[in-house]
Amino acid sequence: MTEDSLDTSPFENDERRIRTTRLVMRKVIAADAAEIARQAGDKQIAMMTARIPHPYSLADAKAFIAKPGDEFVRAVTLVSNGCLVGVAGLKPHRDGRAVELGYWFGADHWGRGYGTEAAQAFVDFAFVSSDIECVWARCRVINAASRRVLEKCGFQMRRMGILDSVCAGRVSTEDYHLDRGAWTALKAWGGK
Ligand SMILES: CC(C)(COP(=O)(O)OP(=O)(O)OC[C@H]1O[C@@H](n2cnc3c(N)ncnc32)[C@H](O)[C@@H]1OP(=O)(O)O)[C@@H](O)C(=O)NCCC(=O)NCCS
């Protein structure tokens, strides 16, 4: 998601699953490769992300699962039946004070609130499990759904940016930030 990365992640040895009412976010496993390849093979997803190529092969999915790098990656699955509906991750910034949130969901599963539910849970996890000061996320200016997810989680647009997307090329983005103080206030208020 960004070239700025840490040698070690604050979540590196964290084996925990993240749970919400409808979702379980667990480690990605080799058996997820076919489903990740199928869902992430949708060009609509690649066009909105930084690092997903198109076409996206089974070998790409296997390589991603084998080497997620310094990113804290989780498969987002349904409590009801265990189906994988997407992937989310936290990538540490090299200053150790911030992480970048990223996510994608299979098109079959859009519009059911999973994106917001998972993003909110990841934000909570990031602030509760580490001493980072900020979670940030970057979405393309044309990505109204992701912008809405971020706004619903309490993020605020900080600045415009540029992303070199493997699939979409050089594109304009909006960078969203949620700092610890704002997150704490939102939690105390109980609205998020
Ligand atoms: C962005 C994405 C994660 C959203 O996932 P999702 O599970 O459909 O999201 P949710 O159902 O939680 O909520 C989406 C919100 O965006 C809104 N939305 C969806 N499409 C929209 C559009 N074209 N214009 C405006 N709002 C839109 C929904 O109405 C909903 O808001 P609401 O609850 O106020 O009605 C999903 O579309 C996706 O994976 N897209 C491709 C990859 C991607 O964009 N990743 C993020 C990169 S920054």
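Above this text is the structure in question.
The rules we used
Residues numbered from 1 in each chain as written. Predicted model: local features only at pLDDT ≥ 70, side-chain atom pairs only at ≥ 80, totals over all residues. Near = placed C-beta within 6 Å. Helix = DSSP H or I, 4+ residues; strand = E, 2+ residues; numbered from the N terminus. Nonpolar A, V, L, I, M, F, W, Y, C, P; charged D, E, K, R; others polar. Pairing = 2+ DSSP bridges. Contact = placed C-beta atoms within 7 Å. Axes fitted to C-alpha atoms, helices over the stretch in contact; angles between N-to-C directions.

## Here we look at the site of the ligand
Okay, step 1: Within the structure, the ligand sits among 20 residues, and Met48, Gly115, Thr116, Ala144 and Arg148 are positioned closest to it.
Okay, step 2: Broken down by element, the residue count for the shell around the ligand peaks at five residues, all from helix 5 (residues 144-152).
Okay, step 3: Of the residues assigned to the shell around the ligand, the class counts are 11 nonpolar, seven polar and two charged.

## Structural notes on the sheet that holds strand 3 (residues 72-78)
Okay, step 1: Spatially, eight strands are ordered 1-2-3-4-5-6-8-7 in an open sheet, and the strand pairing comes out mixed. The open sheet has two edge strands, strand 1 (18-19) and strand 7 (156-165), and neither has a second partner.
Okay, step 2: Pairing of strand 5 (residues 98-105) with strand 6 (residues 134-140) involves three bridges; the strand directions are parallel. Along strand 6, the bridge assignment pairs Ala98 with Cys134.
Okay, step 3: Along the sheet, helix 4 (residues 114-129) makes contact with strand 1, strand 2 (23-26), strand 3, strand 4 (84-92), strand 5, strand 6 and strand 8 (169-179), crossing strand 5 at roughly 160 degrees.
Okay, step 4: Together, strand 6 and strand 8 form the strand contacts of helix 5, whose direction differs from that of strand 6 by roughly 160 degrees.

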